[in-house]
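Working through the structure, step by step
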Amino acid sequence: MRRQELERVAYDILLGNLRRGTAEWNGQDYSFVVPSLTGYPFQWFWDSCFHAIALTHIDHDQAKSELDTLMSAALPNGFIPHIIFWESEKRDYFLDQNLVATINPNFSCTIQPPILAYAVERVYQATSDEAFRERSLPVLVNYYRWLKENRDPDNDGLLSIIQPEEAGTDCSPKYDEILGLTDLSNQGFIKALNKIYSAYELIRSDDLRMLDANVFHVEDVLVNSIYALSLQSLARLLGNTPESIIFQDEASRTIESLLNKCWDAGTEAFLDLNGVQEIPNSMVTISSLMPIILQDIPSDKVKRLVDKWIISEDQFWLPYPLPSVPASNPKFMPGNPQGFIWRGPSWINTNWFITKGLRLHGYHQLADDISSKSLACVEQSGFREYYNPYTGEGLGAKNFGWSTLILDM
Ligand code: GLC
C-alpha cells in the first residue's frame, strides 16, 4: 500500500471513531478517538496517546484535541484516569462487572502506562505549538508528581501497579500466579479481578494503602520503561529549569533500578518484581523486552535481548512477530483467545515500541523487518486489535485506533 493510501484509510478509522460533545456530568467539551466503537467506546489513557502520535501524521488539530481532552480529565491532585466515560449514558458498560475500580462513576481510579509526556512531546515537535506546550506542562508536572508520590512506596524509582489492567497488558500469563488464576479464560480473569477489588473495597481512594495491602503489587517492566521514557520527555519539555533536572534525575533512578533490580542475568531479560518483597517474576513476555526503548540500556544487554529472544524462532521470531508471549511458553495462545488477551497474538503498539528501540540502538534492518511484517498484517486484515503471529489473521476489535501507529513506523 502506498503511503498516501495508508494515511487515507488510517484517517478514516480515526475519524470514524471520533467522539465530540459536551459531558453532562462536568460540562466540559471533549473531542477524542475511541479505541473501537464496538467493545471500547470510551476514552482510554494510553490509546489516546497512541492516537495522538498517529494523528501527528495526518491531523495536527485533532492530535492536540485528543491530548487536551485527556488532560482535561486530570483531578486537582494530578491523577489522570485510565478510562474516562465522557458519555455517561454508556458508563455502566463496565461497572456492572466491577472491572474498573472507581470512586466516581465517570472515570476509573486506576492508571495506565504513563506515556503522556512522550505523546505531548511528539505533538509539540510536530506542531511547534508553544501554547499547547505551555498549557500541557502544569498538567504533566502534577501527574508525574502524583505517580511518584503515590505509586513508588519503596522510593526506588520503580512505579507499582495495583491490578493488571494498569499495565495495559491485562490478561498476560505473567500475572496468573499472583492473581491465583486457575480458570484460564476471560471469565476466570474477571473473577480474579473482582476478588482484588473486593480486597480494596474500603481503601480505594488511597493508593499507598492499596499497595501496602500487597494484594496485587507489581513493579512492572513495561510500565516503568514507559515511565522513564516519558520522564525524559517531560524534562526536555520543561527546558532549562530546576524542575527539569528533578524529572531527569527521576528518569535516571528508574533506569538504574530497571538495570539493577529487573535485569536477570540467567534469563537475559528484564523481569517484573512481584509484591512488596520484590520477588522476580520468572516469566518472559513482550514487556521483558521493553527497556530497549531507553537510550541508556547498555548495548550488551540490548544484544542479548535481540539474539536470545527477539530473533529466536523458538521465542519471538514468528512469521508475524512479535507475539505478546514467546512461543516456548506453555501458556502461549496464538489464536483468538476470546477476550483473554495478551497471551500470544502480536500487537501493533508493542511492535511500534520495539522498532523504535531497535532503531535507537542501531538495529535498523531488524526494525524495518518488523515494520514490514506489521504493515503486512494491516494490509491483509485491516486495522485490528491484534494479529495471529503465524498467519497475520486479524483478531479482536475491528477498526482499532492504535493500529494506525503503523503510520509512525
Ligand atoms: C484492552 C487492552 C488495553 C487497552 C484497552 C482499550 O483492555 O489490554 O491495553 O488500553 O483494551 O483499547
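All of the points below concern the structure found in this document. One numbering rule holds for all chains: residues counted from 1, following each sequence as written. It should be noted that, the model being predicted, local features are given only for residues of pLDDT at least 70 and side-chain atom pairs only at 80 or more, the latter also being counted only at that level, while totals for whole chains, interfaces and linings use all residues. The basis for every side-chain value is the complete set of non-hydrogen atoms in the structure, without hydrogens or water.

Here we look at the nonpolar core
One finds W46, L67, L116, Y144 and I310 to be the most contacted residues of the largest nonpolar core, which totals 130 residues. Put simply, DSSP marks the helices as runs of H or I at least four residues long and the strands as runs of E at least two long, and each gets a number from the N terminus on. Examining the composition of this core, we find that eleven residues originate from one element, helix α10 (residues 221-237), more than from any other. Residue contacts are counted whenever heavy atoms from the two residues lie within 4.5 Å of one another. Y144 has contacts with P114, I115, L116, A117, Y227, S230, L231, L234 and F247, leaving out every residue within four places of it along the chain. The criterion is simple. A nonpolar core is a set of buried Ala, Val, Leu, Ile, Met, Phe, Trp, Tyr and Cys residues joined through side-chain atoms within 4.5 Å. Note on classification: 1.4 Å probe, protein chains only; a residue is buried when its accessible area is under 20% of the maximum for its type, exposed when over 50%, partly exposed between these limits.

What to know about the pairing of strand β1 (residues 18-22)
The two faces of a sheet get side chains in turn, since along a regular strand they alternate between them. The pairing criterion for strands is at least two bridges between them, as found by DSSP. Relative to strand β2 (residues 29-33), β1 runs antiparallel, the two sharing five bridges. Note on β2: the bridge partner recorded for R20 is S31. Connecting β1 to the antiparallel partner β2 that follows it, the hairpin turn spans six residues, and G27 within it adopts a positive phi of roughly 70°.

Re the site of the ligand
Definition of nearness: a residue and a molecule or strand are near each other if at least one heavy atom of the residue lies within 4 Å of the molecule or strand. Neighbouring residues of the ligand: P35, Y40, W44, W46, D47, Q112, G168, D170, I341, W342, F400 and W402. With respect to the ligand, the side chain of D47 contributes an N or O atom lying 2.6 Å from an oxygen atom. One of the backbone nitrogen or oxygen atoms of G168 is found 2.7 Å away from an oxygen atom of the ligand. Within the complex, the protein chains bury 96% of what would otherwise be the 300 Å² of accessible surface of the ligand. In the analysis that follows, any N or O atom pair within 3.5 Å is treated as a polar contact, provided that within protein one partner can donate a hydrogen and the other can accept it, and provided that, for residues neighboring in sequence, both atoms belong to side chains. In these tables, accessible area is a Shrake-Rupley quantity obtained with a 1.4 Å probe, and a residue counts as shielded only by the protein chains included in the view.

Observations concerning helix α12 (residues 299-310)
Along α12, the residues that are buried comprise K301, V302, L305, V306, W309 and I310. Burial along α12 is one-sided: seen end-on, the buried residues are contained in an arc of 140°. Each element contacted by the buried residues of α12 is listed here: α11 (242-262), β6 (263-264), β7 (269-270), α13 (348-360) and α14 (364-381). Directions drawn from the helix axis to the C-beta atoms are what define this arc.

With respect to the sheet that holds strand β9 (residues 279-280)
On the basis of which strands lie adjacent, the open sheet formed by three strands has the order β5-β8-β9 and antiparallel pairing. In this open sheet, the two strands that pair with only one neighbour each are β5 (218-219) and β9. Sheet topology places β5 next to strand β8 (residues 273-274); two bridges connect them, and they run antiparallel. Bridging across to β8, E219 finds its partner in L273.

Comments concerning the side chain of N329
Looking at where N329 falls in the secondary structure, it is placed in the loop between α12 and α13. With a relative accessible area of 10%, N329 lands in the buried category.

Looking at the side chain of T404
Structurally, the position occupied by T404 is in the segment after β11 (394-395). The exposure class assigned to T404 is buried, which follows from its relative accessible area of 0%. Among residues more than four places away in sequence, those in contact with T404 are A10, I13, L14, A54 and F383.

With respect to the state of the cysteines
Here, a disulfide means two cysteine sulfur atoms that sit within 2.5 Å of each other. By the definition in use, this model includes zero disulfides. Summary of cysteine pairing: C49 is not part of a disulfide, and the nearest cysteine sulfur, belonging to C109, is at 19 Å. Since its relative accessible area comes to 0%, C49 is described here as buried. Cysteine C171 shares no disulfide, and the gap to the nearest cysteine sulfur, in C109, comes to 19 Å.

Looking at the packing of helix α5 (residues 116-127) against helix α6 (residues 130-151)
Lines fitted to C-alpha atoms define the axes, with helix axes restricted to the stretch in contact, and inter-axis angles between N-to-C directions lie between 0 and 180 degrees. Where α5 meets α6, the closest approach of the two axes is 10 Å, and the angle between their N-to-C directions is 170°. It follows that α5 is roughly antiparallel to α6 by the angle criterion. For the pair α5 and α6, the contacting residues are L116, A117, V120, V123 and Y124 in the first and E130, F132, R133, S136, L140 and Y144 in the second. Put simply, Ala, Val, Leu, Ile, Met, Phe, Trp, Tyr, Cys and Pro go in the nonpolar bin, Asp, Glu, Lys and Arg in the charged bin, and everything else, Gly too, in the polar bin. Of the residues contributing to the contact of α5 with α6, the split by class is eight nonpolar, one polar and two charged. In this scheme, roughly parallel covers angles under 35 degrees and roughly antiparallel covers those over 145, while 65 to 115 is roughly perpendicular and the rest are oblique.

Details of the pattern of salt bridges
Counted as salt bridges are all cases of a side-chain nitrogen of Lys or Arg within 4 Å of a carboxyl oxygen of Asp or Glu. Scanning the entire structure with this criterion turns up 28 salt bridges. Residue K331 is joined to D176 by a salt bridge in which the shortest nitrogen-to-oxygen separation is 2.8 Å. Here K331, found in the loop between α12 and α13, pairs with D176, found in helix α7 (residues 176-179); they are 155 residues apart in sequence, far enough to count as distant. Among the ionic pairs, K261 bridges to E278, the shortest N-O distance being 3.1 Å. Of this pair, K261 sits in helix α11 while E278 sits in the loop between β8 and β9, placing them 17 residues apart in sequence. Within the structure, one salt-bridge network assembled from shared partners comprises K148, D152, E250 and R253.

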